[in-house]
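# Examining the three-dimensional arrangement
One letter stands for each residue in the lines below.
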Amino acid sequence: MLIKQAALLDGRIVDIRVDELVREVGAPPGDLAARHGEGVLYANGGTVLPGLHDHHVHVRSAAAALDSFLVGPPGVRTDTELRRLLSNAPPGPDGWIRAIGYHESVAGELDRSFLDAVVPTVPVRIQHRSGALWILNSAALGRVGLAEHPDGRLRSGERGWSDAVLRRESDLAELSRRITAYGVTGVTDATPDLDPAEMESLSSAQRRGEFRPRLGFLSPGKRILREDRLDLDDLARWIGERHAAGGPVAVHCVTAAQLVVAIAALRAAGSHPLDRIEHAAMVPDDTLADLADLGVTVVTQPNFVAERGDQYLADVPVAEHGQLWRVASLLEARVPVALSTDLPFGHGDPWTAMRAAVYRTTPSGVVLNAGERVSARRAVTMFLGRPERPGRSRSIETGQPGDLCVLSEPPATVLAELDAGMVAATVIGGELAYFAM
Ligand SMILES: [Zn+2]
C-alpha cells in the first residue's frame, strides 16, 4: 500500500510505502510513484502516526462488556436504581444476566442474598468496577458448581471457582472493529493469570483475522496486590522467580501502600529493564526517585480522572489528592511512562485518555492536579510506545512495523482536538483494518 501526502507529527509531508513493515518514506511529495496493483490512500496532508498501542486492556472482559449492563455511577447511583435495573434486565443468549462497573457507593457490599432477593431464579453475575471481584446470586453459584459458597463474593486469584465465571466466548470481531476505529493497531492484555489455553484462543482469533490488532500478554508475569494481604517477601520471591525464568514482571498498584511494597520488592529482587507498574493510581512524592532509580515503566490511565475524578476527590483524603494519577511529575523524575485505557474498566477511547492527560478535568469540571498536565504532543506520544517497551515511542521510518493511524486533519488540528472522530484509516501490517466511510 502507498500512502500519499502524509503529514508526520514533525510537520514533514511524505509518501509512505508499507506492507508488513514500512518499506519507504519518500519526501518531498510525489517522490514515490504507485506501482501496478498497489493500493493508494491519499492522506492529502492529514496526519499519519504510528498505530496507537493500548498498553493495558482486558480483551475478553471488553468483549463480554459489549452486552453487559452497567450498574455503577453515573448510570446507576442508588440501591433503588440497581434493583430496578436488575429486576428488569433480560438475560443474554446464554441465559445469564451480566453486569459490570459496580461500586459500593450504589448499594454497599453486595452478596448473594441481596441478589437473590432481586433476581431469584436467573443466574446473575456482577463484576465490581475494580475488575477483581465478582458477586453471584445463588442461581449463578449453582451453575458454576459453588452452590455452597458463603456469600457469593468471588475474588480474582482465589482458587476453587470456575473459569466459566470469568471468561466466555464473545464477539471479538465487534470489539476489534471498535478498537481499530480509534486508530489502535495493538493492545497488551493485562489480565492476570490467563492460562495458556486462553492466550492461545485469543491469539488464534487474531491469526484468523477475527481480532485485528496485534496482541501481547502480561500474563504470566502480572500480579495484583491485595491491600489486606501485602506480603513483601512473597512478592520479592515471585519477582525473583520471574526474572530467573527470563521474563519481566508487571505489578498492579492502585494504592500508595501497594506501590511502596512493590518498590521494596523490586529493590530486594532486583529489577528487569522491562518491568512495569500498572496503574500507579497513587504516587507519593518520595517514591518518584525510587521508581526512576529502578528503571521501571509506569503504565497509567489518566482517563480515570475524566471518568471518576469527582469520586476520587470525595473518597481520597485532601492531603493525598496530589498523589492521584500523576503523569508530568513522573516524566520530570525521568520515569518512563506510557498511557493506556484499562478497557473495559476505563473507556476504551485512547483519544479520551489523551485529552484527560492534557486537561485533567473531572466530570463536574474540576481540574485534578493541574501540575500533572502534559502537552498534547506528549499525550499522543505516550500511546505510541513499543509493545514490549511502552515508555519508548515508535516513529514512522523504514523497517518499523507497517502499523499506521491515518487522520483526516493536519498535526496542528489533531493536537488541538485529540478526537477519535478524525481517525480516517487504520493500517495493520500494510492492510486496511479500518476505513472511515
Ligand atoms: Zn486492568
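Going by the annotation in an unreviewed UniProt entry, the name recorded for the protein is Amidohydrolase family protein, with Mycobacterium helveticum given as the source organism.

A few words on the overall build of the protein. Each helix and strand in the protein was counted, giving 15 helices and 21 strands. Against the 2.2 N^0.38 benchmark of 22 Å for 437 residues, the protein shows a C-alpha radius of gyration of 22 Å, consistent with a compact globule. Expressed along its principal axes, the backbone C-alpha trace of the protein runs to roughly 70 × 50 × 45 Å. Sequence separation of at least 24 residues holds for 71% of the intrachain contacts in the protein that already meet a minimum separation of 6. Element-wise, carbon and sulfur atoms account for 51% of the exposed surface of the protein, whose accessible area totals about 18,000 Å². Of the side-chain charges in the protein, 45 are positive and 56 negative, and the distance between the mean point of each set is 2 Å.

With that settled, consider the pattern of salt bridges. Enumeration over the complete set of coordinates arrives at 23 salt bridges. As a salt-bridge pair, Glu198 and Arg60 come within 2.9 Å of each other at their nearest N and O atoms. Placement of the pair is Glu198 in helix α7 (residues 196–208) and Arg60 in helix α1 (residues 59–65), with a sequence separation of 138 residues. The class of Glu198 is buried, set by a relative accessible area of 10%. Overall, Arg60 belongs to the buried group, its relative accessible area being 6%. A salt bridge links Asp403 to Arg214; the shortest N-O distance between them is 2.5 Å. Here Asp403 is found in the loop between α14 (376–381) and β19 (404–407), whereas its partner Arg214 is found in strand β13 (residues 214–217), with 189 residues between them in sequence. Looking at Arg214, the relative accessible area reads 28%, which means it is partly exposed. Linked through salt bridges whose partners overlap, the residues forming this network are Arg17, Glu24, Arg35 and Glu38.

The buried fraction of helix α13 (residues 350–359) is high, at eight of ten residues. Looking only at α13, the buried set comprises Pro350, Trp351, Thr352, Ala353, Met354, Ala356, Ala357 and Val358. A distance of 2.7 Å separates the backbone nitrogen of Trp351 from a side-chain oxygen at the start of α13, and that oxygen is part of Asp349. Backbone geometry just after α13 places Arg360 at a positive phi near 55°.

Bound to the zinc ion on the protein side are His56 (NE2), His58 (NE2) and Asp342 (OD), at distances that span 2.1 to 2.2 Å. Going along the chain, you hit the donors of the zinc ion in the pattern H-x1-H-x283-D. Residue classification places His56 among the buried residues on the basis of a relative accessible area of 0%. Owing to a relative accessible area of 8%, His58 belongs among the buried residues under this scheme.

Now for the pairing of strand β21 (residues 431–435). Relative to β21, strand β20 (residues 423–428) runs antiparallel, the two being bridged by four bridges. Bridging from a neighbouring strand, Thr426 pairs with Tyr434 of β21. Counting the residues that bridge the hairpin from β20 to β21 gives two residues, and of these Gly429 lies at a positive phi of roughly 55°.

As far as domains go, the protein holds domain 1 (1–51 + 395–436), domain 2 (61–155) and domain 3 (221–393). When each unit is reduced to the centre of its C-alpha atoms, the spacing between domain 2 and domain 3 is 29 Å. Taken together, the ten residues of domain 2 in the interface contact seven residues of domain 3. Across the domain 2/domain 3 interface, buried area totals approximately 750 Å², and carbon plus sulfur atoms make up 60% of it. Of all residues in domain 2, Ala62, Arg129 and Arg155 bury the most surface against domain 3, accounting for 54% of the area lost on that side.

A separate point is the environment of Ala280. Along the chain, Ala280 falls in the loop between β16 (276–279) and α10 (288–294). Given the relative accessible area of 1%, Ala280 is considered buried. Separated by 46 residues in sequence, Ala280 and Arg326 place their C-alpha atoms 7.9 Å apart. Contact partners of Ala280, with chain neighbours within four places excluded, come to Cys253, Val298, Thr300 and Trp325.

Now for the sheet that holds strand β5 (residues 48–50). Judged by pairing direction, the sheet is antiparallel, and its four strands sit side by side in the order β5-β19-β20-β21 without closing on themselves. At either end of the open sheet lies a strand with only one pairing partner, and these are β5 and β21. Across the sheet, the axes of successive neighbouring strands diverge by a mean angle of 25°, strand direction being ignored.

Looking now at helix α11 (residues 303–315). With 13 residues, α11 extends 18 Å between its outermost C-alpha atoms, agreeing within 8% with the 18 Å of an ideal straight helix rising 1.5 Å per residue. Most pronounced at Gly309, the bend in α11 amounts to some 75°. Along α11, the residues that are buried comprise Asn303, Phe304, Val305, Arg308, Gly309, Gln311 and Tyr312. Tucked inside the fold, the buried residues of α11 contact α3 (104–107) and α13.

Rules used in this analysis
- Residues numbered from 1 in each chain as written.
- Predicted model: local features only at pLDDT ≥ 70, side-chain atom pairs only at ≥ 80, totals over all residues.
- Heavy atoms only, no water.
- Helix = DSSP H or I, 4+ residues; strand = E, 2+ residues; numbered from the N terminus.
- Rg over C-alpha atoms; globule rule 2.2 N^0.38 Å.
- Contact = heavy atoms within 4.5 Å.
- Areas by Shrake-Rupley, 256 points an atom, 1.4 Å probe, with all protein chains shown as cover.
- Lys, Arg positive; Asp, Glu negative; His and termini not counted.
- Charge placed at Lys NZ, Arg CZ, Asp CG, Glu CD.
- Salt bridge = Lys/Arg side-chain N within 4 Å of Asp/Glu carboxyl O.
- Buried < 20%, exposed > 50% of the residue type's maximum accessible area, 1.4 Å probe, protein only.
- Polar contact = N/O pair within 3.5 Å; in protein donor to acceptor, adjacent residues only side chain to side chain.
- Donors = N, O, S within 2.8 Å, 3.2 Å for Na, K, Ca; no water.
- Pairing = 2+ DSSP bridges.
- Domains from an automatic or database assignment.
- Buried area = accessible area lost by both parts, 1.4 Å probe.
- Axes fitted to C-alpha atoms, helices over the stretch in contact; angles between N-to-C directions.
- Expected span 1.5 Å × (residues − 1).
- Bend = angle between axes of the 7 residues up to and from the residue.

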